[in-house]
Structures are given as structure tokens and as C-alpha cells.
Amino acid sequence: LLTFDDGYSDHYHNVFPLLDEMKMSGAFYLPAKTINDNDVLDVNKIHFILAAANDISKLINDVKKEIEQHKEEYNLESFDSYVNKYAIANRFNNKETVLFKQLFQKVLPEPLRIKITNKLFERYLGINLEVFSRELYMNKDQLKCMINNGMYVGIHGHNHYHWASLNRNDQETEIKESVNLLKSLGVDMNCLTAAYPYGSYNQDSIDLLSKYGCK
């Protein structure tokens, strides 16, 4: 099985033609948000902000200012407390990068994560998010073309959140939005499969996927 996650336009322009030429099928798992809302996934905002930041210390200082500014409104801990808990280097990233990823993937409240990453994205990349999204991800016409030519498309949630970190109702919203998108694309709903975002799932995930007919 060849699987490709997150619905990047690269999959349509480069992967699909190669698979078609070799008479092979690939399985593509895409978050509904990128197609329905023309928005950029948090995970991609984070990576592109980090890539565009020439000085990681300046980026972290910008984050510190934002956290201090919104501390009371969102009942946040002190910035130093977050540094002590999460700024721990690993084999892949330095401590500043780990801190940034932890804060904006898991730790900060969702509305604040969106508010700050949107601001930082436009500051460091200077590109409108909707325009960037249309360049980064596939659209419905491209996906329908791939499906009509033997490619498989499956469930990958709506926002690309860690499913195990969500309550049951929020998980159901993630899965239901994904299922609705697949229906609109003409996917064979008798052969549904899912790829867990970040590999994250729990028993609620399995029960809900079964409820929506996932194999």
C-alpha cells in the first residue's frame, strides 16, 4: 500500500501521474478543512513559520509577547512555566523548535493558537492564508479526477487534530466532516478507511469510525 497524507497539490501534480503511468493505485488521506475552507492546517502553518524564521530566538520572543498579552483573557500559565515544561530538545529539534510546536499543536487553547499562528504566518511569510492554501493543497476537481482514474481517498478528519486529545463529540465532528467531504467527491462509501492524524486515536475513534461505516 502506498499512502499519502494531507492532500497536498504535489500529490496531484507529481505523485498521481507516476502512479497512473505505472498502473498503480495510491491511497490519499486529506483533512476536509483544506478542501472545504481553503485554510492552512495548523501543522503546516507551524512548519512554514519555523522555516521562514531566520532567527528562532526572535520568533520565540514574539510568542512570549503574545502569551503575555493574552495571559489573563485565556487564563494562561506564565511563559517561563511553558519554557520549563516544554523547551526540551530531542533528536530531531532544538529546544526552541520543540517549545514552538508543543505550544501551537497541543498546549494553548485552540482559539488562541489560531489567532497567534495566523498573525505569525502573515508576519513571517507575507502571504494571505487563503491564497497560500489554494497553492498548497488539492481542490475538489483534482481529487475527482484522481478518483475517476483509480486512486483511493479516505478519512483523515477535518482539522488534522490529535484525535486522542479530543472528547467524543469533537472526534465525531472531525470524522463526520471528513465523511461528508468524501461523499461529495463521489468516493465509494462501501470501502471507507481512515488514517489517524499523527497516528493518534483511542477507543472513541474506533467506535465512531465503525458508526460511520469505516472498515
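For clarity, every value in this text was computed on a predicted model and none was experimentally measured.

Details of the sheet that holds strand β1 (residues 3-5)
Okay, step 1: As summarised here, the arrangement of the 3 strands in space is β1-β2-β3, forming an open sheet in which the pairing is parallel. Edge positions in the sheet fall to β1 and β3 (152-155), since each of these pairs with one other strand and no more. Across this sheet, the average inter-strand angle for adjacent strands is 25°, counted without regard to direction.
Okay, step 2: Of the pairings in the sheet, the one linking β1 to strand β2 (residues 27-30) comprises 3 bridges and is parallel in character.

A look at the packing of aromatic side chains
Okay, step 1: Summed over the entire model, instances satisfying the criterion amount to 9 aromatic pairs.
Okay, step 2: Aromatic pair Phe4 and Phe28: ring centres 5.0 Å apart, planes at 20°, arrangement stacked. Here Phe28 lies in strand β2 and Phe4 lies in strand β1, a separation of 24 residues in the sequence.
Okay, step 3: By relative accessible area, which is 19% here, Phe4 ends up buried.
Okay, step 4: Here Phe28 falls in the buried class, since its relative accessible area comes to 1%.
Okay, step 5: With a centroid separation of 4.8 Å and an interplanar angle of 50°, the aromatic rings of Phe100 and Phe104 are classed as tilted. With Phe100 and Phe104 both in helix α6 (residues 95-107) and 4 residues apart, this pair spans about one turn of that helix. Residue Phe100 shares its accessibility class with Phe104, and that shared class is buried.
Okay, step 6: Through successive ring pairs, a cluster of aromatic residues spans Phe48, Phe121 and Phe132.

Remarks on the pattern of salt bridges
Okay, step 1: This model, assessed by the stated rule, comprises 9 salt bridges.
Okay, step 2: Across the pair Glu66 and Lys119 runs a salt bridge whose closest N-O atoms are separated by 3.1 Å. Note that Glu66 is positioned in helix α4 (residues 56-70) and Lys119 in helix α7 (residues 110-125), a separation of 53 residues in sequence.
Okay, step 3: On the accessibility criterion, Glu66 (5% relative accessible area) is buried.
Okay, step 4: Classification of Lys119 as partly exposed rests on a relative accessible area of 36%.
Okay, step 5: As a salt-bridge pair, Glu130 and Arg134 come within 3.0 Å of each other at their nearest N and O atoms. Highlighted residues: Glu130 and Arg134, both in helix α8 (residues 129-136), separated by 4 residues, approximately one helical turn.
Okay, step 6: Judged by relative accessible area, which is 40%, Glu130 ranks as partly exposed.
Okay, step 7: Salt bridges here are not isolated pairs; linked through shared partners, they connect Lys58, Asp62 and Arg123.

The rules behind the values
- Residues numbered from 1 in each chain as written.
- Predicted model: local features only at pLDDT ≥ 70, side-chain atom pairs only at ≥ 80, totals over all residues.
- Heavy atoms only, no water.
- Pairing = 2+ DSSP bridges.
- Helix = DSSP H or I, 4+ residues; strand = E, 2+ residues; numbered from the N terminus.
- Axes fitted to C-alpha atoms, helices over the stretch in contact; angles between N-to-C directions.
- Phe/Tyr/Trp six-rings, centres within 6.5 Å; stacked < 30°, edge-to-face > 60°.
- Buried < 20%, exposed > 50% of the residue type's maximum accessible area, 1.4 Å probe, protein only.
- Salt bridge = Lys/Arg side-chain N within 4 Å of Asp/Glu carboxyl O.

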